[in-house]
Amino acid sequence: MTGRRVPLTVIGGYLGVGKTTLVNRLLSATNGTRYAVLVNDLGAVNVDAELLESTGADRIVLSNGCLCCSLADGLTEVMFDLADRTDEFDHVVIELSGVGLPGPVARWGRAPGFVPGTTLVLAAADSVVDRLADPLVGDTVRRQLADADLVVLTRTDLVDTAGAAVARAAIATTTDAPIAAGPSAELPWSAIVEAAPPGVGAGSEVSDHVPAGPGFTTRAIDVSGAGIDDVRAWLEVRPADVWRAKGVVGAAEGPHIVQVVGRRIEISTAPESAATTPLVVIAPDEVGDALDQWIDRWTAGR
Ligand SMILES: Nc1nc2c(ncn2[C@@H]2O[C@H](COP(=O)(O)OP(=O)(O)OP(=O)(O)O)[C@@H](O)[C@H]2O)c(=O)[nH]1
Ligand SMILES: [Mg+2]
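This write-up is about the structure you can find in this document. Treat the numbers as computed from the prediction; the structure is a model and nothing was measured.

1. Considerations on the overall build of the protein chain
The helix and strand inventory of the protein chain stands at eleven helices and twelve strands. Within the protein chain, the fraction of its 302 residues that count as buried is 54%. Intrachain contacts of the protein chain at a sequence separation of at least 6 include 76% that bridge at least 24 residues. Of the accessible surface of the protein chain, which amounts to about 12,800 Å², a share of 52% is contributed by carbon and sulfur atoms.

2. As for the site of ligand 1
The environment of ligand 1 is made up of 13 residues, and the closest members are K19, T20, T21, R155 and D157. Contacts to ligand 1 include V17, whose backbone N or O atom sits 3.2 Å from an oxygen atom. Here G18 contributes a backbone N or O atom positioned 3.0 Å from an oxygen atom of ligand 1. Its free accessible area being 650 Å², ligand 1 has 67% of it covered by the protein chains. Sort the elements by how many residues they give to the shell around ligand 1 and helix α1 (residues 19–27) lands first, with three residues. Of the residues contributing to the shell around ligand 1, the split by class is three nonpolar, five polar and five charged.

3. Description of the packing of aromatic side chains
According to the stated counting rule, one finds four aromatic pairs in the structure shown. With centroids separated by 6.4 Å and ring planes inclined at 40 degrees, the aromatic side chains of F216 and W243 adopt a geometry described as tilted. Within this pair, whereas F216 is found in strand β8 (residues 216–221), its partner W243 is found in the loop between α10 (228–236) and β9 (244–251), the two being separated by 27 residues in sequence. The burial state of F216 is the same as that of W243; both residues are buried. Measuring from ring centre to ring centre gives 3.9 Å for W234 and W294, while their planes differ by 5 degrees; the resulting arrangement is stacked. Taken as a pair, W234 in helix α10 and W294 in helix α11 (residues 288–301) lie far apart in primary sequence, 60 residues in all. Among the residues examined, W234 registers a relative accessible area of 5% and is labelled buried.

4. Section: unusual backbone geometry
Residues other than glycine seldom take positive phi values, yet R155 does so here, at roughly 55 degrees. As for its placement among the helices and strands, R155 is situated in the loop between β6 (150–154) and α7 (161–172).

5. Notes on the pairing of strand β11 (residues 264–269)
When strand β10 (residues 254–261) meets β11, the two strands line up antiparallel, connected through six bridges. The residue of β11 that forms the bridge with V260 is I265. Counting the residues that bridge the hairpin from β10 to β11 gives two residues, and of these G262 lies at a positive phi of roughly 55 degrees.

6. What to know about the environment of G163
Tracing the backbone shows G163 in helix α7. Spatially, the C-alpha atom of G163 lies 7.3 Å from that of A125, the residues being 38 residues apart in sequence.

7. Brief notes about the nonpolar core
Core analysis: the largest hydrophobic core is formed by 42 residues, its most contacted members being L120, L145, V151, I171 and W243. Composition of this core by domain shows at least three residues from each of domain 1 (6–181) and domain 2 (197–301). The contact partners of V151, leaving out residues within four places of it in the chain, are V121, A123, L145, I171, T175, A177, P178, I179 and A180. Counting 23 residues, the second largest nonpolar core, distinct from the first, contains W234, I267, V281 and L291.

8. Brief notes about the pairing of β10
The two faces of the sheet receive side chains in turn, since in a regular strand these alternate between them. Most of β10 is tucked away, with seven of its eight residues classed as buried. Bridge count between β9 and β10: eight bridges; the pairing is antiparallel. Among the inter-strand pairings, A245 is bridged to a residue of β10, identified as V260. In this structure, the hairpin formed by β9 and β10 is closed by a connection of two residues.

9. Here we look at the side chain of R238
By the element assignment, R238 lies in the loop between α10 and β9. E236 provides the closest opposite charge to the buried, salt-bridge-free R238, at an N-O distance of 7.2 Å. One polar contact links the side chain of R238 to the main-chain carbonyl oxygen of G262, over a distance of 2.9 Å. Excluding residues that lie within four positions of it along the chain, R238 makes contacts with V260, G262, R263, R264, I265 and W294.

10. Here we look at the environment of D292
Residue position: D292 is located in helix α11. Looking at D292, the relative accessible area reads 31%, which means it is partly exposed. It is 9.8 Å that separates the C-alpha atoms of D292 and P239, two residues lying 53 residues apart in sequence.

11. Regarding the sheet that holds β11
By definition, the strands of a sheet pair up through backbone hydrogen bonds, in either a parallel or an antiparallel sense. Ordered by their spatial adjacency, five strands build an open sheet running β8-β12-β9-β10-β11, and the pairing between neighbours is antiparallel. Here the strands that pair on one side only, and so sit at the sheet edges, are β8 and β11. Averaged over all adjacent pairs, the angle separating strand axes in this sheet is 15 degrees, with direction ignored. Of the pairings in the sheet, the one linking β9 to strand β12 (residues 279–284) comprises three bridges and is antiparallel in character. Bridged to K246 within β12 is V280.

What counts, and at which threshold
- Residues numbered from 1 in each chain as written.
- Chains lettered and ligands numbered in written order.
- Predicted model: local features only at pLDDT ≥ 70, side-chain atom pairs only at ≥ 80, totals over all residues.
- Heavy atoms only, no water.
- Helix = DSSP H or I, 4+ residues; strand = E, 2+ residues; numbered from the N terminus.
- Buried < 20%, exposed > 50% of the residue type's maximum accessible area, 1.4 Å probe, protein only.
- Contact = heavy atoms within 4.5 Å.
- Areas by Shrake-Rupley, 256 points an atom, 1.4 Å probe, with all protein chains shown as cover.
- Near = heavy atom within 4 Å.
- Polar contact = N/O pair within 3.5 Å; in protein donor to acceptor, adjacent residues only side chain to side chain.
- Nonpolar A, V, L, I, M, F, W, Y, C, P; charged D, E, K, R; others polar.
- Phe/Tyr/Trp six-rings, centres within 6.5 Å; stacked < 30°, edge-to-face > 60°.
- Pairing = 2+ DSSP bridges.
- Core = buried A, V, L, I, M, F, W, Y, C linked by side-chain atoms within 4.5 Å.
- Domains from an automatic or database assignment.
- Lys, Arg positive; Asp, Glu negative; His and termini not counted.
- Salt bridge = Lys/Arg side-chain N within 4 Å of Asp/Glu carboxyl O.
- Axes fitted to C-alpha atoms, helices over the stretch in contact; angles between N-to-C directions.

Given below as structure tokens:
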């Protein structure tokens, strides 16, 4: 055991929704983060391991089987092994099989060696409505979505605006997690998934680090000097669609790591020597105005 704790990100979603595609996107823009990637495919051949394009990541491939229901064997062994080797990588990503449930796997984020990261559950815009209505698989898809911190709507290029709206409405019946959507090649995956707040310097550096892109917008807010309870209370009234917020906040009580992933807020103390950052927020374009009003509320309350 190295004593180091690394974030655990779980990527779930039904068969063929684009999980491996997302992992590849993540690995292609890592900003130097060393990922240990676990993929758990159905069937005799671990196709997904072959589909992972990156050669830079530390690829650790599980034996086959459904992670959600075989915690007793494959995954336990691998997670204990990883926990002993956390000096070799910075972040663990587990791509679940298409029928796996994210919740039980995400709970490994609380085990020694790990900290909870993002649980992303993907839903394909062109199939989620039918899948949810399917008597055989609907329940699995519903339970997968219910475990999400943040839902990612994929394959949006295959539907029109009305189709995407119907897909969103169907997803919203299963979870109150925000839904991130947009051209999958252009969403800021590493900023969404990686735990470390981007940049450690001045505010301008941070906002430069997560530039707005098609479909999303970012803000960097200086909350230093505030009481951490005030920061939490303010985060709790954020616009519901915020995908991500993070920072090492120089609170009155000392530095705190603030992580908001979709609907989840985690605040923990940081080492006294930690470099503090503004809070960086990533949200879809449509909530830009609501975001500014929310930030104004903070400023007005200071
Ligand atoms: N048109 C379109 N195709 C996509 C998109 N994302 C993924 N795909 C395609 O969808 C198919 C399934 O993608 P994968 O990334 O393998 O999906 P997966 O969820 O990993 O699949 P399993 O691991 O088998 O459950 C592939 O052919 C991808 O190229 C997208 O945004 N648009
Ligand atoms: Mg896959």
